[in-house]
Amino acid sequence: MTIAVGVFELFTYAIPGSLYVALFTYIAARAQWIDLAAVLKSPSFLLVIVVVLLSYLLGYLAYPLGLLAHKILPKRRKRDVTAEFLRRNPSAKDRPFVQADPFLLLAAIQLQDAEVGADASRVRATGLMLRNCAPPVLFGAVAAIVELFAGRSPVFAITCAVLFLIGGIALVIQGRMLGHWARMRTLEVAFWIPDIDDKFRP
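What you see is a predicted model, and the numbers here were worked out from it, not measured in a lab.

What follows is about the overall build of the protein. Scanning the protein for helices and strands turns up eight helices and zero strands. Starting at the N terminus and ending at the C terminus, the protein contains elements arranged as α-α-α-α-α-α-α-α. The buried share among the 202 residues of the protein stands at 35%. For the protein, the accessible surface area stands at approximately 12800 Å², while carbon and sulfur atoms represent 68% of it. Between the averaged position of the 21 positive side-chain charges in the protein and that of its 14 negative side-chain charges there is a distance of 9 Å.

It is worth spelling out the environment of T25 at this point. Tracing the backbone shows T25 in helix α1 (residues 2–30). Considered as a pair, T25 and L36 are 11 residues apart in the sequence and their alpha carbons are 8.2 Å apart. In contact with T25, not counting residues within four places along its chain, are I34 and L36.

Right, let's talk about the side chain of D197 for a bit. Note on placement: D197 falls in the segment after α8 (154–191). Non-local contacts of D197, meaning those with residues more than four positions away in its chain, are made with R95, P96 and F97.

Here we take up the environment of A69. Position of A69 relative to the elements: it lies in helix α4 (residues 63–72). Given the relative accessible area of 14%, A69 is considered buried. A69 sits 65 residues away from A134 along the chain, and the two C-alpha atoms are 7.4 Å apart. Among residues more than four places away in sequence, those in contact with A69 are P135, V172 and R176.

Attention shifts here to the packing of aromatic side chains. Taken as a whole and assessed by the stated rule, the structure comprises eight aromatic pairs. Look at Y20 and F24: their rings are 6.2 Å apart centre to centre, the planes differ by 40°, and that puts the pair in the tilted class. Residue Y20 and its partner F24 are both found in helix α1; the two are separated by four residues, about one turn of the helix. On the basis of relative accessible area, F24 is assigned to the partly exposed category, the value being 44%. Taking the centre distance of 6.4 Å and the plane angle of 70° together, the rings of F85 and F191 count as edge-to-face. Here the residue F85 occupies a position in helix α5 (residues 81–88), and F191 occupies one in helix α8, the gap between them amounting to 106 residues. Its end group placed over the ring of F191, R95 keeps NZ or CZ at 5.2 Å from the ring centre.

Reading the values: the criteria
- Counting from 1, residues in each chain are numbered in the order their sequence is written.
- Local features in this predicted model are restricted to residues whose pLDDT is 70 or higher, and side-chain atom pairs enter the listing and the counts only when it is 80 or higher, whereas totals over whole chains, interfaces and linings include all residues.
- Side-chain figures throughout are based on the complete set of non-hydrogen atoms in the structure, without hydrogens or water.
- Strands are runs of DSSP state E lasting at least two residues, helices are runs of H or I lasting at least four, and both sets are numbered from the N terminus onward.
- Remark: exposure states derive from per-residue accessible area (1.4 Å probe, protein chains only) relative to the maximum for the residue type, with buried under 20%, exposed over 50%, and partly exposed in between.
- The method behind every accessible area is Shrake-Rupley, applied with a 1.4 Å probe, and residues are considered shielded solely by the protein chains displayed.
- The charge count treats Lys and Arg as positive and Asp and Glu as negative. His and the chain ends do not count.
- Charge positions come from single atoms, namely NZ of Lys, CZ of Arg, CG of Asp or CD of Glu.
- Residues are treated as being in contact if the distance between any of their heavy atoms lies within 4.5 Å.
- Put simply, two rings from Phe, Tyr or Trp (the six-membered ring, in Trp's case) pair if the centres are within 6.5 Å, and we call them stacked under 30 degrees between planes, edge-to-face over 60, tilted for the rest.
- A ring is considered to have a charge above it if a Lys NZ or an Arg CZ atom is located within 6 Å of its centre and within 35 degrees of its normal.

Okay, structure coming up:
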């Protein structure tokens, strides 16, 4: 369980936060707010600790931005996980676990088998990581557009802007897909737990 929580925090907060740290470092160095050469001469161990702490803190604080990107980007189609699961597994139609809250169902699976439950948690954490990485990538596209006018390499700047814009949108889409897979995986695992229905009977 400790490993699963560690992976969730690393994927959901620390990795997206590291992108914010990289973006802010670039902007600060470009605007000459910091002396990047002097910073890099700092003790490596201390520098790593500061970067890790900042990454986690920024990732945690910026979590709502990932949720906002998820809500703003239009969906091409609405996918009902429960309906799709029942279409593929009609024998589960009358089983109580199918209508249970997905997070409560995942908690029940983890109580039954922590290792199996961790698999669905890792997929969900990966989806959240991709979604939360989208805002700093999109902000990178904005920075590239600014560089188009302020920098000396307009071709490189416009190339980065296009790639970052496409990448940010793709991250949100892939994050949604992995979230869908995580919910589907939770139902598929619960299907094979014999007494899981007893936990959700009235």
